[in-house]
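# Summary of the model geometry
Chain residues, written in single-letter form:
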Amino acid sequence: KSDAMLVIGGRDSSNTHKLFDLCSKVCDATHWIESKDDLLKLDLPSTKNNIGITAGASTPDDIILDRKFFIGLKGIVKNFIGITITNSSHIHSPS
């Protein structure tokens, strides 16, 4: 279980919107990250040590990796150890 969830992607992305909605249902501290400015404004309490990161299917890999690295550098995650990258290309809604 994540203490906070970051959803990376454009505000006009249907897939990112679905991810955000799903994450918000299980994690009250879900944040939509569209730019580095969003990260700079992000104020997570130090008790939020387990941060989940996901991204919309159309979000380019280099943007996802750049933002993950930036999060670690900024020190948002208190005891930052490293990054695990998984690839999940699509979310499928039940019909």
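Just above sits the structure.
What you see is a predicted model; the values in this text were computed from it and never measured. (Residues numbered from 1 in each chain as written. Predicted model: local features only at pLDDT ≥ 70, side-chain atom pairs only at ≥ 80, totals over all residues. Heavy atoms only, no water.)

### Some details on the overall build of the protein
- Within the protein one finds three helices and three strands.
- Taking all 95 residues of the protein together, 33% fall into the buried category.
- Contacts in the protein between residues at least 24 apart in sequence constitute 69% of all its contacts with a sequence separation of at least 6.
- Accessible surface, the protein: about 6300 Å² in total, of which carbon and sulfur atoms supply 51%. (Helix = DSSP H or I, 4+ residues; strand = E, 2+ residues; numbered from the N terminus. Buried < 20%, exposed > 50% of the residue type's maximum accessible area, 1.4 Å probe, protein only. Contact = heavy atoms within 4.5 Å. Areas by Shrake-Rupley, 256 points an atom, 1.4 Å probe, with all protein chains shown as cover.)

### Observations concerning the state of the cysteines
- Counted by the stated rule, this structure contains zero disulfides.
- Here Cys-23 is not cross-linked by a disulfide; its sulfur's nearest cysteine counterpart is in Cys-27, at 7.6 Å.
- What makes Cys-27 buried here is its relative accessible area of 7%. (Disulfide = S-S within 2.5 Å.)

### Notes on the pattern of salt bridges
- Here the structure, examined in full by the defined rule, presents one salt bridge.
- Among the salt bridges present, the one from Glu-34 reaches Arg-11, with a minimum N-O distance of 3.8 Å. With a gap of 23 residues between them, Glu-34 in the loop between β2 (30-33) and α2 (36-41) and Arg-11 in the loop between β1 (4-8) and α1 (14-26) connect regions that are remote in the sequence.
- In this structure Glu-34 comes out as partly exposed when scored by relative accessible area, which is 35%. (Salt bridge = Lys/Arg side-chain N within 4 Å of Asp/Glu carboxyl O.)

### What to know about α1
- Spanning 13 residues, α1 covers 19 Å between terminal C-alpha atoms, matching the ideal 18 Å at 1.5 Å per step.
- Listed as buried for α1 are Asn-15, Thr-16, Leu-19 and Cys-23. Buried residues of α1, seen end-on, are gathered within an arc of 95 degrees and therefore sit on one face of the element. Within α1, the exposed residues directed more than 90 degrees away from the buried face are Ser-14 and Lys-25. (Expected span 1.5 Å × (residues − 1). Arc of directions from axis to C-beta.)

### Observations regarding the nonpolar core
- Counting 16 residues, the largest nonpolar core has Ala-4, Leu-6, Ile-33, Leu-39, Leu-42, Leu-44 and Ile-51 as its most contacted members.
- Listed by contribution, the elements that provide at least two residues to this core are β1, α1 and β3 (51-55).
- Of all the elements, β1 adds the most residues to this core, at five residues. (Core = buried A, V, L, I, M, F, W, Y, C linked by side-chain atoms within 4.5 Å.)

### Focus on the environment of Arg-11
- Arg-11 gets classed as partly exposed once you look at its relative accessible area, which sits at 45%.
- Apart from the residues lying within four places of it in its own chain, the contact partners of Arg-11 are Trp-32, Glu-34 and Asp-38.

### Here we look at the sheet that holds β2
- With parallel pairing, the three strands of this open sheet are ordered in space as β2-β1-β3. Of all the strands in the sheet, just β2 and β3 have a single pairing partner and so form its edges. Within the sheet, the average angular offset between the axes of one strand and its neighbour, ignoring direction, is 20 degrees.
- Helix-sheet contacts for α1 involve β1, β2 and β3, and the interaxial angle to β2 is about 165 degrees. (Pairing = 2+ DSSP bridges. Axes fitted to C-alpha atoms, helices over the stretch in contact; angles between N-to-C directions.)

Fair warning: the whole summary comes from geometry, so function is off the table for now.
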